[in-house]
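Below are the chains, spelled out letter by letter.
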Amino acid sequence: MVSPNRFSIPPTIVKRAAPTPTAAPPPAAHSDDQIRCPTCKSTNCKSARMIFEQGTHEREFTGLGVGLRGGVGLFGGIGQSQSLMAQRCAPPSRRSQLGPVLMTVGCGLIAAFITTAAINAPNAPHGMNDPGPNTSALWTVSVLFLIGAAMGLMWLAQTASWNAAQFPKRLLAWSRIWVCAKCGASWEVADGK
Ligand SMILES: [Zn+2]
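Residues numbered from 1 in each chain as written. Predicted model: local features only at pLDDT ≥ 70, side-chain atom pairs only at ≥ 80, totals over all residues.

Scanning the protein from terminus to terminus reveals six helices and three strands. Taken from the N to the C terminus, the helices and strands of the protein come in the order α-β-α-α-α-α-α-β-β. For the protein, with 193 residues in total, the buried portion stands at 13%. Sequence-distant contacts in the protein: of pairs separated by 6 or more residues, those separated by 24 or more amount to 71%. (Helix = DSSP H or I, 4+ residues; strand = E, 2+ residues; numbered from the N terminus. Buried ≥ 20, exposed ≤ 12 C-beta atoms within 10 Å, placed from the backbone. Contact = placed C-beta atoms within 7 Å.)

In structure tokens:
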């Protein structure tokens, strides 16, 4: 019988030999060409912009993946995950000003219309001293719509201010986002470029 104890010594030597510093990655790994995932150290990383643009491109090449027999499963999986990732990597968009404009103009027009009706009402000359029920209701509704128009203007100003101040920051932050295709981690690269 061969005693296995004699072979228990070499493995310890092999273990020692394994973590030799020869496998140390070159320090150039952090260059712009080789961005590494901070989580899994994979170099299979793409910017959010690239993933978004390729994700919309990927749909057209769905049929191509079927032809590559060996990589059908792989390509199908990547294609699907990329289109999902592309949705997650979509750039920020400006806030629409259509709602505030419609609210301001609509409420303003209605307020003007109702105010005109209140002024032209039969009891109008005595409206303040002796307001008839119809006229006072018209004035109340008119004021409500005026308030609505004012709120629409404030909303419009808020939207414009967000688009001017916040949107560029969001867009800049988005342009710095990189995503690891291996583990899905995302992070912001420095402003080095
Ligand atoms: Zn990773």
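Trans is the prevailing form of peptide bonds, just as negative phi is the prevailing case for residues other than glycine. Even without glycine at this site, lysine 41 takes up a positive phi of about 65°. Mapped onto the elements of the fold, lysine 41 is located in the loop between helix 1 (9–17) and strand 1 (45–47). What makes lysine 41 exposed here is the crowd of 12 C-beta atoms within 10 Å.

With 22 residues, helix 5 (residues 98–119) should reach 32 Å at 1.5 Å per residue; the first-to-last C-alpha distance of 31 Å fits that figure. Those residues of helix 5 lying buried are Pro100, Thr104, Cys107, Ala111, Ile114 and Ala118. Each buried residue of helix 5 sits inside an arc of 120° when the element is viewed along its axis, so together they form one side. More than 90 degrees from the buried face of helix 5, the exposed residues found are Leu98, Leu102, Val105, Leu109, Phe113 and Thr116. (Expected span 1.5 Å × (residues − 1). Arc of directions from axis to C-beta.)

Membership of the largest hydrophobic core is limited to 11 residues, which are Cys37, Cys45, Ala48, Ile51, Phe52, Met85, Ala86, Cys89, Trp178, Val179 and Cys180. Mapped onto this core, the elements with two or more residues apiece are helix 2 (48–58), helix 4 (72–88) and strand 2 (177–180). Not counting residues within four places of it along the chain, the set of residues in contact with methionine 85 comprises Ile51, Gly55 and Val179. Counting six residues, the second largest nonpolar core, distinct from the first, contains Cys107, Ala111, Ile114 and Ala118. (Core = buried A, V, L, I, M, F, W, Y, C linked by C-beta atoms within 7 Å.)

So, about the sheet that holds strand 3 (residues 186–188). Taken together, three strands build an open sheet; the order of strands is 1-2-3 and the sheet is antiparallel. Here the strands that pair on one side only, and so sit at the sheet edges, are strand 1 and strand 3. Put simply, the sheet's adjacent strands are angled 30° from each other on average, direction ignored. Sheet topology places strand 2 next to strand 3; three bridges connect them, and they run antiparallel. Considered in strand 3, the bridge of isoleucine 177 is made with glutamate 188. (Pairing = 2+ DSSP bridges. Axes fitted to C-alpha atoms, helices over the stretch in contact; angles between N-to-C directions.)

With respect to the secondary-structure elements, arginine 88 resides in helix 4. By C-beta crowding, arginine 88 is classed as partly exposed, having 13 other C-beta atoms within 10 Å. For arginine 88 and alanine 48, which are 40 residues apart along the polypeptide, the C-alpha to C-alpha distance reads 8.6 Å.

Of the residues in the protein, 61% reach a pLDDT of 70 or more, and the chain-wide mean stands at 74. Confidence drops under pLDDT 50 across residues 1–31; counting only partners more than four residues distant or on other chains, this segment forms three contacts. For residues 58–82, every residue scores under 50 in pLDDT, and the model assigns this stretch 14 contacts once sequence neighbours within four places are set aside. (pLDDT = per-residue confidence, 0-100.)

Take the pairing of strand 2 next. Across three bridges, the pairing between strand 1 and strand 2 is antiparallel. Pairing of lysine 46 across the sheet is with valine 179, part of strand 2. Hairpin connection from strand 2 to strand 3: five residues lie between these consecutive antiparallel strands, with glycine 184 at a positive phi of about 85°.

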